[in-house]
Amino acid sequence: MVDPTEEASRPKRVNFRHELLRYQSLRGHDLYGSEEELENKGQNIWRNFISQCSATFLAVFAVIPSRNLQTSIHMAHDLGKVSLCCMYASYIVGCFFSTLILQRFRAKCMLLSSLFFHILYSVSNVIPSAFTLLPASCLVGLCQPAFWSIQDCLLLGYGLKYSAMASLPPQSALRLFQTVTIITIHSAQILGNLLSSGLISASDFHCEEELDSAHHRHYLQGHNGTAAHRQHHGGKVLHNEKWTYTLPFIPIQTRRLTETSPSVNFYQLLTLIYLCMSVIAMGSVLIFFESPDVALQRRTLGWREKLRGVRKCLTDPRWLLLWFAACYIGFAQGMIICDISKGYGSDVFGCYIVGYMMVSFGTGNLLAILVLEKIKACGIHPLLLTAGFLLNIAMLILTSLWRPTESQSWQLLVFTAMWGVGDGTLQSQAQSVVVKYAREERDVAMTTFRVSQGLGLLVSFIVSIFTRSLVTSLYVALPLHVLGFLGLILTSNELTSRQRSQHRDNARQHSPTTSDSREHSDYHNIGGDA
């Protein structure tokens, strides 16, 4: 028999999980209420994350390949280029209102609204005209900043909750969710472009307007492109096939009622598959996704704080040069989407090659991002910044010197893959520099980065419309890249000097009383880096 007094004198074991829940409830921040609810919330995290990744995969799968084909399919009156201009002009506008939208609406509502706009864009590609394609492009561009901001906020919530349940550092948990999301997005682009190239190559579909070889040479060589374009338009060398669509995937030509319908065209099947994907994406969020209990944007910045951050981002010389780097990233992507995919791809090989080109570009982009993620500590080292700069310079020079022929298809794919590596390298480095260099104005800095990138995309499309010269686009890209590289080097040197001064301050403090403050500072640095 055990003596009751002796049993009472023994120290009781403390269940830290129950004590943590009790402590949170006493402070009024009880997120779960009980251990059973904690386990249920753990299941909800994975259900929400899987449904969110599925919806993102299907939405990107449907929209990005259709966007890549705009300049090759809709060439009449530059409809494809104008639609891209509308998309990214609206994207710039949406960047200014994304924070306000996150404060006013819940996550599920915003996800459903964004996916509905994706459905409208897919419908506009099924029934292509200026009255359908341009408004749908504006709506997709307007919702994109809020759509990706929601993704960031939700991933942050998933990472914090999962780190609390699995006893992982918050940085590791957040990086896990971010890596899976990045792989999901790039996989959707790759598979969507593969599907577009496969179906188009299996059909008798050709570009809506076919240019002769002389105009193609003038377009690539540069300065004589506009005159040649007008001459060929005046001579009616271009021919046009206008379609309307009906189910089941049968194009009808309404010139004469007695005319027989042509054979099934797989491009129609492709557009309708993209439409179905967008509908399924919206349905997965509607059925399986549950809105989180916490607000997406918990901290509201006043107008004075926002203006102070904007003024600092626009007056600091390092910030100004960094925005040139963001503009170059967008401008180079616009060249790939608009000029290179058409002049190097569809004009030489046919529309089917555009998807394969973007598959190579996306694969190289993903590999560069994952490699730099592994060496994140050295991601803003001057040597790596210089390597990314030289790689992009080499691609600009190669673009100005090399032209593909019909027998150089695999060389073209390697060429676009190297463009993807250069784009992924520079984009990862620029975003890392912006996040580390910004302090109080981090949200404003990331918004300015996105606006600058969208502005670069918009300028690339405008230059292509008015000059019709790839050489002119290269001349614009080169100074943007050089100025952006100077900004990256200057800010990386400033970050190095900050770290050295911080190490010197820590070295001066050897007393045990300061250990808590150092640990607290390191914790906030980790949270900021994540």
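Structure's up top.
Only a predicted model underlies this, so the values are computations on that prediction, with no experimental measurement involved.

Let's shift gears to the overall build of the protein. Each helix and strand in the protein was counted, giving 19 helices and two strands. Within the protein, the proportion of its 530 residues that are buried is 47%. Sequence-distant contacts, at least 24 apart, represent 81% of the contacts inside the protein between residues at least 6 apart.

Under the criterion given, the structure shown has 20 aromatic pairs. Ring geometry for Phe 116 against Phe 117: centres 6.3 Å apart, planes inclined by 50°, an arrangement best described as tilted. Given the relative accessible area of 38%, Phe 116 is considered partly exposed. Where Trp 319 meets Tyr 437, the ring centres are 4.9 Å apart and the plane angle is 65°; that geometry is what we call edge-to-face. Placement of the pair is Trp 319 in helix H13 (residues 317-346) and Tyr 437 in helix H16 (residues 409-437), with a sequence separation of 118 residues. Neither residue differs from the other here; Trp 319 and Tyr 437 are each classed as buried. A network of ring pairs unites the aromatic residues Trp 46, Phe 49, Tyr 158, Tyr 162 and Phe 177 as a single cluster.

Within this structure, the stated rule accounts for zero disulfides. Cys 85 takes part in no disulfide bond, and the closest cysteine sulfur, belonging to Cys 86, lies 6.9 Å away.

With that settled, consider the nonpolar core. If you look at the biggest cluster of nonpolar residues, it comprises 64 residues, and the most contacted ones within it are Trp 319 and Trp 419. Sorting elements by how many residues they give to this core places H13 first, with 14 residues. The next biggest cluster of nonpolar side chains, apart from the first, holds 25 residues, and it includes Ile 45, Met 110, Phe 147 and Val 285.

Under the criterion given, the structure shown has five salt bridges. Across the pair Arg 47 and Glu 290 runs a salt bridge, and its minimum N-O distance is 2.3 Å. You can see Arg 47 sitting in helix H3 (residues 35-68) and its partner Glu 290 sitting in the loop between helix H11 (266-288) and helix H12 (303-315), a full 243 residues away along the chain. Given the relative accessible area of 36%, Glu 290 is considered partly exposed. Of the charged contacts in the structure, one is a salt bridge between Arg 468 and Asp 78, with a shortest N-O distance of 2.5 Å. Residue Arg 468 is found in the loop between helix H17 (442-467) and helix H18 (470-508), and its partner Asp 78 is found in the loop between helix H4 (70-73) and helix H5 (79-104); the two are separated by 390 residues along the sequence. By relative accessible area, Asp 78 is classed as buried at 13%.

This part is about unusual backbone geometry. Phi angles above zero are rare outside glycine, and Asp 78 is one such case at about 55°. If you check the backbone angles, Arg 468 has positive phi at about 50° while not being a glycine. Note on Arg 468: relative accessible area 14%, which makes it buried.

Rules used in this analysis
Within each chain, residue numbers correspond to sequence positions counted from 1 in written order. pLDDT decides what is reported in this predicted model: residues at 70 or higher carry local features, side-chain atom pairs at 80 or more are listed and counted, and totals for whole chains, interfaces and linings draw on all residues regardless. Side-chain calculation: all heavy atoms of the structure are included, whereas hydrogens and water are not. Numbering goes from the N terminus for both helices and strands, where a helix is a DSSP run of H or I of at least four residues and a strand is a run of E of at least two. Buried, partly exposed and exposed residues are distinguished by accessible area as a fraction of the type maximum, computed with a 1.4 Å probe on protein chains only: under 20%, between the cut-offs, and over 50%, respectively. A contact between two residues is defined here by any heavy atoms of the two lying within 4.5 Å. Under the pairing criterion, centres of Phe, Tyr and Trp rings, with the six-membered ring standing for Trp, must be within 6.5 Å; the plane angle then separates stacked pairs below 30 degrees from edge-to-face pairs above 60, leaving the rest tilted. Pairs of cysteine sulfur atoms within 2.5 Å are identified as disulfides in what follows. For the purposes of this section, nonpolar cores are sets of buried Ala, Val, Leu, Ile, Met, Phe, Trp, Tyr and Cys residues that join through side-chain atoms within 4.5 Å. Criterion for a salt bridge: a side-chain nitrogen of Lys or Arg within 4 Å of a carboxyl oxygen of Asp or Glu.

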